[in-house]
Amino acid sequence: MKTVLASRTIEIPDGVEVEVDARIVTVKGPRGELTRDFKHVDMDLRKVGGKYIRVDIWFATRKQLACVRTVCSHIDNMIVGVTRGFLYKMRFVYSHFPINVSLSGENVEIRNFLGEKRVRKVPLGEGVKYVRSADVKDQIELSGNDIAVVSLTAARIQQCTCIRKKDLRKFLDGIYVSEKGPIALED
């Protein structure tokens, strides 16, 4: 069965400019600018009254209805990204061989994982900042405006320390995401 009209609105906060042109959404804020293409989803995206974005989908099946909320969440994440930004904290877990992580150019290099000589290199995504935490031992912080790029970089770092041909219940070594979310506002 098809639903005649499904509609959601997103409020645009102060200090953020949003442009919608042929389902290409551009969000500008104090931290920068993000652009995303939604042409793969067949829906109406338009600005209403300069303060809201309305997402409409006509005569949609269940799978197409799910896309309305998804597109709204993506636009919300873009708005949060250009106002506050996103932060992923990752902790090193090891039982014997200490993991050595450093930044060289645009790559994160992981050395001495399980005592191996191989150097694992993970490229940083575009616009992602790498910081080694000073107050917490064995922790790195990845931050940026685009949640997709920041989370993809964190996932690549975690996946490059996968353990093969060993019992995963015993060998828990790796680099794991410990905290994630928008950057906290200073009070």
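If you're wondering where the values come from, they're calculated on a predicted model, not measured in any experiment. (Residues numbered from 1 in each chain as written. Predicted model: local features only at pLDDT ≥ 70, side-chain atom pairs only at ≥ 80, totals over all residues. Heavy atoms only, no water.)

**With respect to the overall build of the protein**
Link 1 in the chain: Helices and strands together make up the secondary structure of the protein, namely two helices and 13 strands.
Link 2 in the chain: Since a compact globule built from 187 residues should have a radius of gyration of about 16 Å, the 21 Å found for the protein marks it as more spread out than a globular shape.
Link 3 in the chain: Taking all 187 residues of the protein together, the buried fraction comes to 34%.
Link 4 in the chain: Across the protein, contacts joining residues at least 24 apart in sequence account for 59% of those joining residues at least 6 apart.
Link 5 in the chain: Counting 32 positive and 24 negative side-chain charges, the protein places the averaged centre of each group 8 Å from the other. (Helix = DSSP H or I, 4+ residues; strand = E, 2+ residues; numbered from the N terminus. Rg over C-alpha atoms; globule rule 2.2 N^0.38 Å. Buried < 20%, exposed > 50% of the residue type's maximum accessible area, 1.4 Å probe, protein only. Contact = heavy atoms within 4.5 Å. Lys, Arg positive; Asp, Glu negative; His and termini not counted. Charge placed at Lys NZ, Arg CZ, Asp CG, Glu CD.)

**What to know about the side chain of Lys 89**
Link 1 in the chain: Considering the arrangement of structural elements, one finds Lys 89 in strand β7 (residues 86-93).
Link 2 in the chain: With sequence-adjacent residues up to four places away left out, Lys 89 is seen in contact with Gln 139, Ile 140, Glu 141, Tyr 176, Val 177, Ser 178 and Glu 179.

**Quick word on the sheet that holds strand β3 (residues 24-29)**
Link 1 in the chain: Reading across the sheet, the three strands line up as β2-β3-β4 and stay open at both edges, with antiparallel pairing between neighbours. Where the open sheet ends on each side, the last strands, each with one partner, are β2 (17-21) and β4 (32-37). On average, each strand axis in the sheet is tilted by 15 degrees relative to the strand beside it, whichever way the strands run.
Link 2 in the chain: The pairing of β3 with β4 spans six bridges and is antiparallel. Within β4, the position partnered with Gly 29 by the bridge is Gly 32. (Pairing = 2+ DSSP bridges. Axes fitted to C-alpha atoms, helices over the stretch in contact; angles between N-to-C directions.)

**Structural notes on the pattern of salt bridges**
Link 1 in the chain: One pass over the full model with this rule turns up ten salt bridges.
Link 2 in the chain: The shortest N-O distance in the salt bridge between Glu 116 and Arg 120 comes to 3.0 Å.
Link 3 in the chain: Taking the relative accessible area as the measure of exposure, Glu 116 reaches 32% and is therefore partly exposed.
Link 4 in the chain: Here Arg 120 falls in the buried class, since its relative accessible area comes to 5%. (Salt bridge = Lys/Arg side-chain N within 4 Å of Asp/Glu carboxyl O.)

**A look at the pairing of strand β11 (residues 129-132)**
Link 1 in the chain: Note: β11 against strand β12 (residues 139-144), four bridges, orientation antiparallel. Directly across from Arg 132, in β12, lies its bridge partner Ile 140.
Link 2 in the chain: Counted along the chain from β11 to the antiparallel partner β12, the turn is six residues long, and its residue Asp 138 has a positive phi close to 55 degrees.

**Section: the sheet that holds strand β10 (residues 120-123)**
Link 1 in the chain: The strand order across the open sheet built from three strands is β8-β9-β10, with neighbouring strands paired in antiparallel fashion. Whereas interior strands pair on both sides, the edge strands pair on one side only; in this sheet they are β8 (100-104) and β10. For this sheet, the mean inter-axis angle between neighbouring strands, taken without regard to orientation, is 25 degrees.
Link 2 in the chain: Of the strands in this sheet, β9 (107-111) and β10 touch helix α2 (residues 147-159), which is tilted by about 170 degrees from β10.

**Focus: the environment of Val 119**
Link 1 in the chain: With respect to the helices and strands, the residue Val 119 is situated in the loop between β9 and β10.
Link 2 in the chain: Residue class for Val 119 comes out partly exposed when judged on its relative accessible area of 32%.
Link 3 in the chain: Among residues more than four places away in sequence, those in contact with Val 119 are Glu 109, Ile 110 and Arg 111.

**Things to note about the side chain of Thr 161**
Link 1 in the chain: On the secondary structure map, Thr 161 appears in the loop between α2 and β13 (174-182).
Link 2 in the chain: For Thr 161, a relative accessible area of 4% gives the class buried.
Link 3 in the chain: A distance of 3.4 Å separates a polar side-chain atom of Thr 161 from the backbone nitrogen of Ile 175. (Polar contact = N/O pair within 3.5 Å; in protein donor to acceptor, adjacent residues only side chain to side chain.)

**Considerations on α2**
Since there are 3.6 residues in each turn of an α-helix, residues three or four apart along the chain are aligned in direction.
Link 1 in the chain: Spanning 13 residues, α2 covers 18 Å between terminal C-alpha atoms, matching the ideal 18 Å at 1.5 Å per step.
Link 2 in the chain: Of all the positions in α2, only Val 150, Thr 153, Ala 154 and Ile 157 are classed as buried. Along the axis of α2, the buried positions cluster into a sector of 95 degrees, meaning they face one direction only.
Link 3 in the chain: If you follow the buried residues of α2, they end up packed against β7, β9, β10, β12 and β13.
Link 4 in the chain: Taking the backbone nitrogen of Ala 148 as reference, a side-chain oxygen 3.3 Å away marks Asp 146 as the first, capping residue of α2. (Expected span 1.5 Å × (residues − 1). Arc of directions from axis to C-beta.)

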